[in-house]
Amino acid sequence: MRGLSGKVAVVTGAAGGIGAATARRLAAEGAHVVAADTDEAGAKAVAESLATPGAWVRADVSHEDGVTSYMDTAVEWFGRVDLHHLNAGIAGSLAPLPELTLAEFNQVMAVNVRGVFLGVRAAFRQFAAQGSAGSVVITGSIGSLRGSADLLAYQTSKHAVLGILHGAAVYGGPLGVRVNAVAPGIVPTDLFAATPDAVGGKDDMVRRASSTPLRRAGTGDDIAAAVAFLLSDEAAYMTGEVVSIDGGASVVSTVRPSGGAGAWDFAGYDRALYGKDVA
């Protein structure tokens, strides 16, 4: 892809999943990647496996000093930063809304929203210091665009990052800074590893993804390809855009055929969620 070779990219949440896949794809395109994650050993393993010389750093994106750390590492190793994939995030609790605690809600917002704000702000500050343009991609979610009865804090956070996206894209356009987002659908990664057996947890993802038009779950490489495209000069006339990569999930209506009854057995779903029949 045009415009990636020789560039310097920061990828947060790079120790595994979508972040690791993006780091590998960008390096394969010739970019130098700084892998940032709270899992330093994982970030190091990814950086050392790349096709181009890379760097790694332990960084908690929810704190200013964590963001400063990954930016300083990039500048120290490579002298500049051109590309940012702000990917780090946590899923939070699967607890029903009435049982969700304030601490759980705040933790998700700190990583998924404050971390993106701090990363976008740091990107703009670095571009200004360099006197250069640049490109930023935020990892949103199908949960940025739709609602469901669980993962309330996660969905709230992923809606919120679209506000950051839109404001940053408008501000950055005249400066030559493009800001876009990807909205992955069901991609089984360790983001949901803490809830393997729960409905909606990691081990349930393949079953749920089988009802999308493409009839399969996504992979980290599926998402990384779109991130690389958006960061590259191939997407030079795109900014403020949210690209869904979800196997077609976001275009499905559960009322099928048109005008007919819902195709799903919601009674069983409702019993699992609420512990009783509610309709």
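Here the structure is shown first, and the text comes after it.
Quick caveat: nothing in here was measured; it's all calculated off a predicted structure.

Further remarks concern the packing of helix α1 (residues 17–28) against helix α7 (residues 220–231). Between α1 and α7, the least distance of the axes is 8 Å, while the angle of their chain directions is 55°. As far as their axial angle goes, α7 and α1 are oblique. Read as a crossing pair, α1 and α7 show a hand that is right-handed. Note on element contacts: α7 touches α1 through Gly220, Asp221, Ile223, Ala224, Ala225, Val227, Ala228 and Leu231, opposite Ile18, Ala21, Thr22, Arg24, Arg25 and Leu26.

Looking now at the nonpolar core. Core analysis: the biggest nonpolar cluster contains 36 residues, and Tyr70, Val120, Val136, Ile138, Leu165 and Val179 have the highest contact counts within it. Of all the secondary-structure elements, those providing two or more residues to this core are β2 (32–37), β3 (55–58), α3 (64–78), α4 (102–130), β5 (134–139), α5 (152–172) and β6 (177–184). Sorting elements by how many residues they give to this core places α4 first, with nine residues. With sequence-adjacent residues up to four places away left out, leucine 165 is seen in contact with Ile138, Val179, Asn180, Ala181, Gly240, Glu241 and Val242.

Positive phi is not limited to glycine here, since leucine 151 has a value of about 55°. Structurally, the position occupied by leucine 151 is in the loop between β5 and α5. Even without a glycine there, the phi angle at arginine 215 is positive, about 60°. With respect to the helices and strands, the residue arginine 215 is situated in the loop between α6 (205–209) and α7. Take arginine 215: its relative accessible area is 52%, and that puts it in the exposed class.

With that settled, consider the sheet that holds β3. With parallel pairing, seven strands are arranged side by side in an open sheet as β3-β2-β1-β4-β5-β6-β7. At either margin of the open sheet sits one strand with a lone partner, and together these are β3 and β7 (242–245). For this sheet, the mean angle separating the axes of adjacent strands, direction not counted, is 15°. Pairing of β6 with β7 involves four bridges; the strand directions are parallel. Residue alanine 181 lies in a different strand from β7, and its bridge partner there is valine 242. Relative to β5, α4 is tilted by about 175°, and along the sheet it contacts β4 (83–86), β5 and β6. Against the sheet, α5 makes contact with β5, β6 and β7, and its axis sits at roughly 160° relative to β6, the strand it touches most.

To describe a pair of aromatic rings, one takes the distance between the centres and the angle between the planes. Scanning the model with the defined rule gives three aromatic pairs in all. Taken together, a centroid distance of 6.2 Å and an interplanar angle of 45° make the contact between tryptophan 77 and phenylalanine 78 tilted. Taking the relative accessible area as the measure of exposure, phenylalanine 78 reaches 21% and is therefore partly exposed. What links up through ring pairs into an aromatic cluster is the set Trp56, Trp77 and Phe78.

With that settled, consider the pattern of salt bridges. Taken as a whole, this structure holds six salt bridges when the rule is applied. With its nearest N and O atoms 3.0 Å apart, the salt bridge here joins arginine 216 to aspartate 222. On the basis of relative accessibility, which here comes to 42%, the residue arginine 216 falls in the partly exposed class.

Tracing the chain through its elements places histidine 159 in helix α5. Separated by 13 residues in the primary sequence, histidine 159 and arginine 146 have C-alpha atoms spaced 8.8 Å apart. Residues in contact with histidine 159, not counting those within four places in the same chain, are Gly143, Ser144, Leu145 and Arg146.

So, on to the pairing of β6. Burial of β6 is extensive: eight of the eight residues sit out of reach of the surface. Here β6 shows a buried face lined by Val177, Val179, Ala181 and Ala183 and a second buried face lined by Arg178, Asn180, Val182 and Pro184. Note: β5 against β6, six bridges, orientation parallel. Bridge pairing links isoleucine 138 to alanine 181 in β6. Of the crossover connections in this fold, the one passing from β5 over α5 to the parallel β6 is right-handed.

How each quantity is defined
- In this numbering scheme, every chain counts its residues from 1 along its sequence in written order.
- The model is predicted, so local features are restricted to residues of pLDDT at least 70 and side-chain atom pairs to those at 80 or more, both for listing and for counting; the totals for chains, interfaces and linings are taken over all residues.
- Values reported for side chains reflect all heavy atoms of the structure, with hydrogen atoms and water molecules removed beforehand.
- To obtain each axis, a line is fitted to C-alpha atoms, and for helices this fit is confined to the stretch in contact; angles are then taken between N-to-C directions over 0 to 180 degrees.
- Numbering of helices and strands runs from the N terminus, with a helix taken as a DSSP run of H or I at least four residues long and a strand as a DSSP run of E at least two residues long.
- To sort the angles, those under 35 degrees are grouped as roughly parallel, those over 145 as roughly antiparallel, those from 65 to 115 as roughly perpendicular, and the leftovers as oblique.
- Crossing handedness: left-handed means the near helix sits turned counterclockwise from the far one by under a right angle, and right-handed means the same turn made clockwise.
- Residues are treated as being in contact if the distance between any of their heavy atoms lies within 4.5 Å.
- Nonpolar core, defined: a set of buried Ala, Val, Leu, Ile, Met, Phe, Trp, Tyr and Cys residues in which side-chain atoms within 4.5 Å join the residues together.
- Exposure classes here rest on a 1.4 Å probe applied to the protein chains alone. A residue is buried below 20% of its type maximum, exposed above 50%, and partly exposed in between.
- One bridge is not enough; two strands pair if DSSP finds at least two bridges between them.
- Two rings from Phe, Tyr or Trp (for Trp, the six-membered ring) form a pair when their centres are within 6.5 Å of each other. A pair whose planes differ by under 30 degrees is stacked, one over 60 is edge-to-face, and the rest are tilted.
- Basic side-chain nitrogens of Lys or Arg form a salt bridge, by our definition, when they fall within 4 Å of a carboxyl oxygen of Asp or Glu.
- When the strands point away from the viewer, a crossover counts as right-handed if the path from the first strand over the helix to the second runs clockwise.

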